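Architecture and fold: a report
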Amino acid sequence: MTKPGLTTINTIQMAVQTAEHHLRFSHFTEQLQVSLSLLTIARGSCMMTIRPDGQRHQTPIGHLHIPVDRAVIQASVSIAQSDFDDLAIKLARPVTRPTSVVVTLDTELTVDDKGFLFLDQPIDTAISEIFWIMPLK
């Protein structure tokens, strides 16, 4: 049970600030590095690494780490190569407003009515779902 004025959430919505496609030819690896600003949590950002080494319909899809001493969340996501290629193309398109992403976590987070996150210790949790919202116009 949460205290009055506090609520629990298991999703975090974030807006894309930058997205880079990293290619490493010596090891034949690639990944997307996405910098995100938090929307459902006040203050902070997220650095998400997306790799094409997963499978479709896998659960969990990734991992999220929230430190106690910094306002920077670290996320790593593994998706199928075809989904990775499609996402890279879509993130490269010019948009009129920011693309956003909603991640669903296996752990509930406690926030107050202003969106401030309350942590007693670092949180390491699985990402069970990821949902991209991409503006068309």
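Nothing here was measured: the structure is a model prediction, and the numbers come from that model.

Concerning the overall build of the protein
- For the protein, the helix and strand inventory stands at one helix and eight strands.
- Start at the N end of the protein and walk to the C end: the helices and strands fall as β-β-β-β-β-α-β-β-β.
- Here the C-alpha atoms of the protein give a radius of gyration of 16 Å, agreeing with the 14 Å that 2.2 N^0.38 yields for 137 residues.
- Relative to its full complement of 137 residues, the protein shows a buried share of 36%.

Points about the nonpolar core
- Within the largest apolar cluster, 30 residues are counted, with the highest numbers of intra-cluster contacts made by Ile 12, Met 14, Met 48, Ile 50 and Val 103.
- Elements supplying a minimum of two residues to this core: β1 (6–24), β2 (29–38), β3 (45–51), β4 (62–66), β5 (72–78), α1 (81–92), β6 (100–112) and β8 (123–133).
- No other element matches β6, which puts five residues into this core.
- In this structure Ile 12 touches Leu 38, Thr 40, Ile 41, Leu 64, Ile 73, Val 101, Val 102, Val 103, Leu 105 and Leu 109, once residues within four positions along its chain are discounted.

So, α1
- Taking 1.5 Å per residue, 12 residues should reach 16 Å; α1 reaches 17 Å between its end C-alpha atoms and fits that length.
- On the buried face of α1, the contacting elements are β1, β2, β3 and β8.

Details of the pairing of β4
- Where burial is concerned, the two faces of β4 differ: the one with Gly 62, Leu 64 and Ile 66 is buried and the one with His 63 and His 65 is not.
- Where β4 and β5 come together, four bridges link them in antiparallel fashion. From the neighbouring strand, Gly 62 faces β5, where its bridge partner is Val 77.
- In textbook terms, the turn of a hairpin is the stretch between consecutive antiparallel strands, and for β4 and β5 this stretch comprises five residues.

What to know about the pairing of β1
- Looking at chain direction, β1 and β6 are connected through nine bridges and run antiparallel. Along β6, the bridge assignment pairs Ile 9 with Leu 109.
- Between β1 and β2, which pair antiparallel in sequence order, lie four residues; one of them, Phe 28, sits at a positive phi of approximately 55°.

Comments concerning the confidence of the model for the protein
- Taken as a whole, the protein shows an average pLDDT of 91; of its residues, 98% reach a score of 70 or greater.
- Here strand β7 (residues 117–118) stands out as the least confident element of the protein, with mean pLDDT 89; β3 is the most confident, with 97.

The rules we used
- Residues numbered from 1 in each chain as written.
- Predicted model: local features only at pLDDT ≥ 70, side-chain atom pairs only at ≥ 80, totals over all residues.
- Heavy atoms only, no water.
- Helix = DSSP H or I, 4+ residues; strand = E, 2+ residues; numbered from the N terminus.
- Rg over C-alpha atoms; globule rule 2.2 N^0.38 Å.
- Buried < 20%, exposed > 50% of the residue type's maximum accessible area, 1.4 Å probe, protein only.
- Core = buried A, V, L, I, M, F, W, Y, C linked by side-chain atoms within 4.5 Å.
- Contact = heavy atoms within 4.5 Å.
- Expected span 1.5 Å × (residues − 1).
- Pairing = 2+ DSSP bridges.
- pLDDT = per-residue confidence, 0-100.

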